[in-house]
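Spelled out, the chains give:
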Amino acid sequence: MFSSSTPTAMDTDTGMFRVQQTVGSVLCCKCGILMAPNAANMCVTCLRSEVDITEGLQKFLTIQHCPECDRYLQPPRTWIPCQLESRELLTFCIKRLNLSNKVRLADAEFIWTEPHSKRIKVKVKVRKEVLNGVILEQGYVAEYVSQDHMCEVCSRVAANPDQWVAAVQLRQHVGHRRTFFYLEQLIIKHDAAVKATKIKQMEHGIDFFFANRSHGLKFVEFVGKVVPVKSRSDKQLVSHDTKSQTYNYKHTFSVEICEICREDLICLPPKVANSLGNLGPLVLCTKVSNNIILVDPFTLRHAFLDADQYWRVPFKALISCRQLIPYIVLDVDPIASEVSIAGSKYALADVQIARVSDFGKNDIIMTVRTHLGHLLNPGDTALGYDLYGANTNDIELDKYKSLSLPDAILVKKSYEQVRLAKRGKPRKWDLKKLPIEADETTRGRSDEDKGATEYEKFLKDLEENPDLTLGIKLCLNKDYQSSGVASDTEEELPIDEHLAKLILNDSADVGSMDE
């Protein structure tokens, strides 16, 4: 054994000479070059010439790729969605090599190829223990040939686009589509309809079609977790093989969403009011999720109504949001401090209001109690229900003989003046949409205009209620361009203050906009 001579050095602490440690060297038994000693007494070049650890490993493979849904077949029948040069595709390619019982994987990376070449190349480095316990690392290139082969779902759709196994019919019998606009965003965020082969808009709802019954059943379960629903299922026999005793059915799930929506004024049935501790009977619906949150605007008493409780004794809204009218706030007299109900703040106050339509015609001034005392100031505009001149024809209301109706009930603050100041300016944010097909048999020009108007109202609701955006995904609006000059006196919408605390990424999908 040879060793390199190294001069000694004086240790300043002890005053003694210290001999530096040296690494011994040996000659390779094959080529005779100087090398660090190992168990095989061979240099790396000679060791690789003697042993090839990649022998017997798969270097050329064929994989099945569905060009319609961009998925790859994981034998025997699993299709995995992967993008080119993604981590998921790299994992899929490594698993196809079956390296676990032969060598250990050290590293893997893609080698760039033309996208249209139908070739995927992966540079793989593996390790294995060879002569006398020496661990050798060696790299090689695995080449995959991608063959186009449509998966079962895409084949069925291509053969007959109207062919389906399960259909989910979502229905809500109200005069607007706000619930479906918000439900659409929840479906997009949670990828609940990613298995749907077709989505079709109907008169009072949306139909979702699936190629598998389990996919439809899973979608029904998701809808039941985000809104109060009741559902029933039916099946129809399509074909029957008498020899193998196999049956093919078409399954239909009918899902009805409750008719109560946010901002609706409700007169609770006496039975429901008693079960909720004599709440109301006039209450406002402030939020609808898997529970319905009801708030008494005169006392701030509240209750949570789940789907089972609602469908046990269902009821309808006394007045819906389409009947909101603007009021001018003349004076505000706070009564109590702010309280928090289900994450939203409220405060009782007595306010003097007048209808905007009465200005210049009469001097009618009304004093009402509201739950918006923390938001309203003299001179503001609020939206509310006019019970003074409303013609209410409700069976539940007639059961309360001694009930005295207020002149008006305020529901929310209006930001129309702020919106007028920003007229013509695009929003900073935008929303994704599902690929929904319209029902051409019942759809006309008026329906398109009505849908566009309702969608714009839904966007305004998100601007005025930033809490609604916490459950959905916002996207960066590509058409928005900041002026760079902000006025100190310019009033902002509530969502502008909310977005100021968040970071908008440049990607198309901002997600939930991480704080």
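Residues numbered from 1 in each chain as written. Predicted model: local features only at pLDDT ≥ 70, side-chain atom pairs only at ≥ 80, totals over all residues. Heavy atoms only, no water.

- In the annotation of an unreviewed UniProt entry, the chain is listed under the name 60S ribosomal export protein NMD3 and assigned to Kingdonia uniflora.
- In the Sequence similarities (unreviewed entry) part of its UniProt record, the chain is described as follows: "Belongs to the NMD3 family."
- Quoted verbatim from the Function (unreviewed entry) heading of the UniProt record, the comment on the chain is "Acts as an adapter for the XPO1/CRM1-mediated export of the 60S ribosomal subunit." (UniProt positions renumbered as here; feature names shortened; annotations may be inferred.)

1. Some thoughts on the sheet that holds strand E9 (residues 119-129)
Point 1. Spatially, E7-E6-E5-E10-E9-E8 is the arrangement adopted by the six strands of the open sheet, whose pairing is mixed. At either end of the open sheet lies a strand with only one pairing partner, and these are strand E7 (78-81) and strand E8 (104-111). With direction set aside, neighbouring strand axes in the sheet form an average angle of 35 degrees.
Point 2. Pairing between strand E5 (residues 60-66) and strand E10 (residues 135-148): six bridges, direction parallel. Within E10, the position partnered with His65 by the bridge is Asp148.
Point 3. Against the sheet, helix H2 (residues 87-97) engages E5, strand E6 (71-74), E7, E8, E9 and E10, with an angle of about 55 degrees to E9. (Pairing = 2+ DSSP bridges. Helix = DSSP H or I, 4+ residues; strand = E, 2+ residues; numbered from the N terminus. Axes fitted to C-alpha atoms, helices over the stretch in contact; angles between N-to-C directions. Contact = heavy atoms within 4.5 Å.)

2. Digging into the pattern of salt bridges
Point 1. Counting across every chain of the model gives 20 salt bridges.
Point 2. With a closest N to O distance of 3.0 Å, Asp461 and Arg178 form a salt bridge. Of the two residues, Asp461 sits in helix H10 (residues 445-464) while Arg178 sits in helix H4 (residues 178-190), which places them 283 residues apart along the sequence. The pair formed by Asp461 and Arg178 is uniform in burial state, with each residue classed as buried.
Point 3. Taking the shortest distance from any N to any O, the salt bridge between Glu263 and Lys412 comes out at 3.5 Å. With Glu263 in the loop between strand E15 (246-257) and strand E16 (265-267) and Lys412 in strand E26 (residues 408-414), the pair connects residues that are 149 residues apart, well separated along the chain. (Salt bridge = Lys/Arg side-chain N within 4 Å of Asp/Glu carboxyl O. Buried < 20%, exposed > 50% of the residue type's maximum accessible area, 1.4 Å probe, protein only.)

3. Quick look at unusual backbone geometry
Point 1. Cis peptide bonds are those with omega within 30 degrees of zero, and the linkage from Pro75 to Pro76 qualifies with 10 degrees.
Point 2. Looking at where Pro76 falls in the secondary structure, it is placed in the loop between E6 and E7.
Point 3. With a phi close to 60 degrees, Asp70 is a non-glycine residue in the positive phi region.
Point 4. Turning to its location among the elements, Asp70 is positioned in the loop between E5 and E6.

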